[in-house]
Amino acid sequence: MGSLQNGLFGGFNGRVGNLVGYMLNGKNVIRTIGHSTKRLSPARKVNCDRMTIVNKFLRPISSFIKVGFRLKVVGTDRNFYNEAVSYNKKHAVTGVYPDAELDYPKAMLSMGTLLKAEKPSIQHVGAEIEFSWEVPADLPWKNQKDRAMVLLYWPDQNQQTHILSGSHRKDGKQRVQIDQNLANERVVAYISFINDDATEISDSVYAGSITKQAQKSTPEIEKLDFNSNKAVIKVPKAPVPPKSDPLSGDKPDSLKNAKSNWIRNVAADTQKPDDPPGNTTRSQNKITNRKAS
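In this text the structure is predicted, and so the values were computed from the model without any measurement. (Residues numbered from 1 in each chain as written. Predicted model: local features only at pLDDT ≥ 70, side-chain atom pairs only at ≥ 80, totals over all residues. Heavy atoms only, no water.)

J.: Break down the packing of helix α1 (residues 42–58) against helix α3 (residues 80–91) for me, with residues and values.
T.: Between α1 and α3, the least distance of the axes is 9 Å, while the angle of their chain directions is 120°. Comparing the axis directions of α1 and α3 gives the class oblique. With respect to the hand of their crossing, α1 and α3 are arranged in right-handed fashion. For the pair α1 and α3, contact is made by Asn47, Arg50, Met51, Val54, Asn55 and Leu58 and by Tyr81, Ala84, Val85, Asn88, Lys89 and Lys90, respectively. (Axes fitted to C-alpha atoms, helices over the stretch in contact; angles between N-to-C directions. Helix = DSSP H or I, 4+ residues; strand = E, 2+ residues; numbered from the N terminus. Parallel < 35°, antiparallel > 145°, perpendicular 65-115°, else oblique. Left-handed = near helix turned anticlockwise from the far one by under 90°. Contact = heavy atoms within 4.5 Å.)

J.: Can you explain a nonpolar patch on the surface? Please cite residues and give values.
T.: A grouping of Val16, Leu19 and Ile30 is seen on the molecular surface, where their side chains present a nonpolar patch of about 240 Å² in accessible area. Among the structural elements, Leu19 can be located in strand β3 (residues 19–24). (Patch = residues over 30% accessible without salt bridge, like charges linked within 9 Å, V, L, I, M, F, W, Y side chains within 5 Å. Areas by Shrake-Rupley, 256 points an atom, 1.4 Å probe, with all protein chains shown as cover. Salt bridge = Lys/Arg side-chain N within 4 Å of Asp/Glu carboxyl O.)

J.: With reference to specific residues and values, describe unusual backbone geometry.
T.: Backbone torsion omega between Tyr97 and Pro98 reads 5°, so that peptide bond is classified as cis. Looking at the element boundaries, Pro98 is found in the loop between β5 (93–94) and β6 (101–102). At Lys119, a residue that is not glycine, the phi angle is positive and equals roughly 50°. Relative to the helices and strands, Lys119 resides in strand β7 (residues 118–125). On the accessibility criterion, Lys119 (66% relative accessible area) is exposed. (Buried < 20%, exposed > 50% of the residue type's maximum accessible area, 1.4 Å probe, protein only.)

J.: Pulling in residues and values, what's your account of the pairing of strand β8 (residues 128–134)?
T.: Relative to β8, β7 runs antiparallel, the two being bridged by six bridges. Within β8, the residue paired with His124 across the bridge is Ile129. What sits between β7 and β8 in their antiparallel hairpin is a turn of two residues, with Gly126 showing a positive phi close to 65°. Pairing of β8 with strand β11 (residues 173–177) involves five bridges; the strand directions are antiparallel. When the sheet's bridge partners are listed, Ser132 is paired in β11 with Lys173. (Pairing = 2+ DSSP bridges.)

Structural data, given as structure tokens:
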């Protein structure tokens, strides 16, 4: 149920039928709700596909772009998220439907007039990822204490981590601790700068990416010898051949084969010249007699 705020001809809040009224940036807004039953035209399919691609990227990082696009929409009836979607849908999507995809180097996560980061890059440093950027020798004094805003995004896992107020611009670097489960996964990075009182912000800059790395297997440490300060590495042992059971009389196949070969060789040695080829009756009888004796 909707409620009138300023009489019959004023705005209202809530739902009336398929209309919803609410306040947006100090203005009364009314919109319809419901699902369209019309078949999507080719142009609408392209637009919906691009919206899906951009939203998948921006929703997990909404807290970052809220700061990044806040100043861009001040004094307008637009909001930060719609502004970010509008820009990135137009400039950061490449390819043709249905094979379109996000072009990460062209994505924009903040917009403003402050000096941008110069030549940013990233690298792994232990359990962290380090952002670095160039600090000009003639950097104006007022910009030396600008704070770094950095973001890391893992596209395959759709996860992110960020810092909204990091190192000073003059420091030239910022480290970010990451989840070790993501240490070997593909990651993309962005950096912006914001001044101390948050009245100015820079355009974001793509800081690079680190491709997925193959995990290296490490040997298992079984025990540590404290006297020699050496770790004893556990190495898998070679399989031990099965032993015959003296009680059951079972023998492994290798012993059975060896016995068969020995019988065959003895039979060949004891075969008389007058025996026809392949006739080992007499030889077998001799072997039997030997066993009996």
